[in-house]
Amino acid sequence: MSAYSGYQKTSYGAQGGDDSGGFFAGGGSQQGSQGGGGKSYQDESLRPLTIKQILDAEEPYSGADFKVDGAPITQITFVGQVLSINPQQTNLTIKVDDGTGQIDVKKWIDADKQSDAEPGFELGSHIRVWGRLKSFSNKRHVGAHVIRPVTDFNEVNYHLLEATYVHLFYTRGAVGDSGAGPNNSDSMFVDGGDGYNAGNGGAQLPSKLSGCSGNAKRVYNYLNETPGGNDGMHLNNITGALGLAVRDVLTAADELLGLGIIYTTVDDETWAILEY
Amino acid sequence: MSEQMSAPRITASYLDSFVGRVVTIVGKVTQLRGDQATIDADGVVTILLNRDAHLANGNAAQVIGKVNPDLSIKALSTRDVGAGVDMTLCAAVAELTHRHKEIFISEN
């Protein structure tokens, strides 16, 4: 756990300028800051990504939070190979390649800690990085909180699987058709739920939708991803976009209505997501 | 190193669709003969090694290299990744990266 305490500290330190309230709360204890700290900390998540996803992340406007698959990213983690290490006065700049792309990682050096200046890994080795995506004069880099060498190669494959799982979670909705029974999928949400819950309204998805049919999840995802304004989307749009029969969409909508996840807007066949 | 190039993960069965491209392949080293090695990556693949290769027979190796027309791979970088690598997992992950190209493979 020692790695994590260092990681927390750097994270809040880096944020201090942006949000001084949170900084002080963070200075107290980890627990306190997670629960009672500023709102922004409740939106924190740790997303596993491939470097291609990092490079493709959307930045709605300069300085905004980056988004991947429509969900804002805060802290991220990835695994890759070290291409080059470039020690600077105040930081180490490391170029990392995971086979999907390349990105610079900057690790600030704490002048008081001599050990910080030594990378602890060699060229070509695999490392896991935790950090935040930053953009500086149109060039992206990751501000690393923690970097550690990967000693078991299986972690590389594990990370790619995890990144895919989370990607599919956001793009196709949660589990369901993958052969796992409803009970199994439920328990998977519990595993992942905490991490995913941070973020936008759609993050409510796992707990509320876990008992729903596949069609209901698809309709929900469609409503969630399609900007329909306050009026929501009409039945015809949904059937067209999802390739579902009218009856299937109506059934799915009834299911979602019953759970209080969506509501009807201009008429009985137009729905929007109920956000609260 | 060219910028932003992706090196897709493949197994032996993907070789013929990646001729001329740089790929990443992980396999178990089955033979080491001077500047040539064969690895088992869901099928046998011949690797033309570069000079600084330090592979060990029986261990898994990650090779990044260019696929030749005869389906051998000219290594640009090789790395011994130890003995405890789950090869079934490697093949499954390679397959997965082609099924979900959107987060793994850049078209260039």
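Residues numbered from 1 in each chain as written. Chains lettered and ligands numbered in written order. Predicted model: local features only at pLDDT ≥ 70, side-chain atom pairs only at ≥ 80, totals over all residues.

A few points about the overall build of chain A
Then comes step 1: Along the backbone of chain A there are 11 helices and 11 strands.
Then comes step 2: A burial count over chain A gives 30% of its 276 residues as buried.
Then comes step 3: A separation threshold of at least 6 residues defines the contact pool for chain A, and within that pool the share at least 24 residues apart is 55%. (Helix = DSSP H or I, 4+ residues; strand = E, 2+ residues; numbered from the N terminus. Buried ≥ 20, exposed ≤ 12 C-beta atoms within 10 Å, placed from the backbone. Contact = placed C-beta atoms within 7 Å.)

So, the overall build of chain B
Then comes step 1: The number of helices and strands found in chain B is 2 helices and 6 strands.
Then comes step 2: Reading chain B from its N end, one meets helices and strands in the order β-β-β-β-β-β-α-α.
Then comes step 3: Within chain B, the fraction of its 108 residues that count as buried is 37%.
Then comes step 4: For chain B, the share of sequence-separated contacts (at least 6 apart) that also reach a separation of at least 24 residues comes to 52%.

Overview of the confidence of the model for chain A
Residue and element names in this part refer to chain A.
Then comes step 1: Put simply, chain A has an average pLDDT of 76, and 71% of its residues get 70 or more.
Then comes step 2: Across chain A, the secondary-structure element scoring lowest on mean pLDDT is helix H7 (residues 182-197), at 38, and the one scoring highest is strand S1 (residues 46-48), at 95.
Then comes step 3: pLDDT under 50 marks residues 1-38. Its contacts with residues more than four places away, or in other chains, come to 33 contacts. (pLDDT = per-residue confidence, 0-100.)

Considering the packing of helix H9 (residues 214-225) of chain A against helix H10 (residues 235-242) of chain A
Residues and elements named next belong to chain A.
Then comes step 1: Between H9 and H10, the shortest axis-to-axis distance is 11 Å and the interhelical angle comes to 110°. With respect to their mutual orientation, H9 and H10 come out roughly perpendicular. On H10, the residues that touch Arg218, Val219 and Tyr222 of H9 are Ile238, Ala241 and Leu242.
Then comes step 2: For the contact of H9 with H10, the class distribution of residues is 5 nonpolar, no polar and 1 charged. (Axes fitted to C-alpha atoms, helices over the stretch in contact; angles between N-to-C directions. Parallel < 35°, antiparallel > 145°, perpendicular 65-115°, else oblique. Nonpolar A, V, L, I, M, F, W, Y, C, P; charged D, E, K, R; others polar.)

Quick notes on H9(A)
Then comes step 1: Compared with the 16 Å implied by 1.5 Å per residue over 12 residues, the 16 Å span of H9(A) between its first and last C-alpha is a close match.
Then comes step 2: The complete set of buried residues in H9(A) reads A:Ala216, A:Lys217, A:Arg218, A:Val219, A:Tyr220, A:Asn221 and A:Leu223. (Expected span 1.5 Å × (residues − 1).)

Considering the sheet that holds strand S11 (residues 270-273) of chain A
Residues and elements named next belong to chain A.
Then comes step 1: Strands sit in the order S9-S11-S10 across an open sheet of 3 strands; the sheet is antiparallel. Since the sheet does not close on itself, it has two edges, and those belong to strand S9 (233-234) and strand S10 (262-264), each with one partner.
Then comes step 2: Across 3 bridges, S10 lies against S11 in antiparallel orientation. Residue pairing for S11: Tyr263 is matched across the bridge by Ala272. (Pairing = 2+ DSSP bridges.)

Focus: the interface of chain A and chain B
Then comes step 1: Each side of the interface is counted separately: chain A has 19 residues, and chain B has 25 residues.
Then comes step 2: Where the side of chain A that touches chain B is concerned, the elements lending two or more residues are helix H5 (51-56) and helix H6 (154-172) of chain A.
Then comes step 3: Among the elements that line the side of chain A that touches chain B, the one with the most residues is H6(A), at 7 residues.
Then comes step 4: When grouped by side-chain class, the residues that make up the side of chain A that touches chain B number 6 nonpolar, 11 polar and 2 charged.

Here's the deal with the environment of A:Asn154
Then comes step 1: Mapped onto the elements of the fold, A:Asn154 is located in helix H6.
Then comes step 2: Discounting chain neighbours no more than four positions away, the residues touching A:Asn154 are B:Val85, B:Asp86 and B:Leu89.

Brief notes about the pairing of S11(A)
Residue and element names in this part refer to chain A.
Then comes step 1: In terms of strand pairing, S9 meets S11 through 2 bridges, oriented antiparallel. Counted as the bridge partner of His234 is Thr270 from S11.
Then comes step 2: Counting the residues in the hairpin turn of S10 and S11 gives 5 residues.

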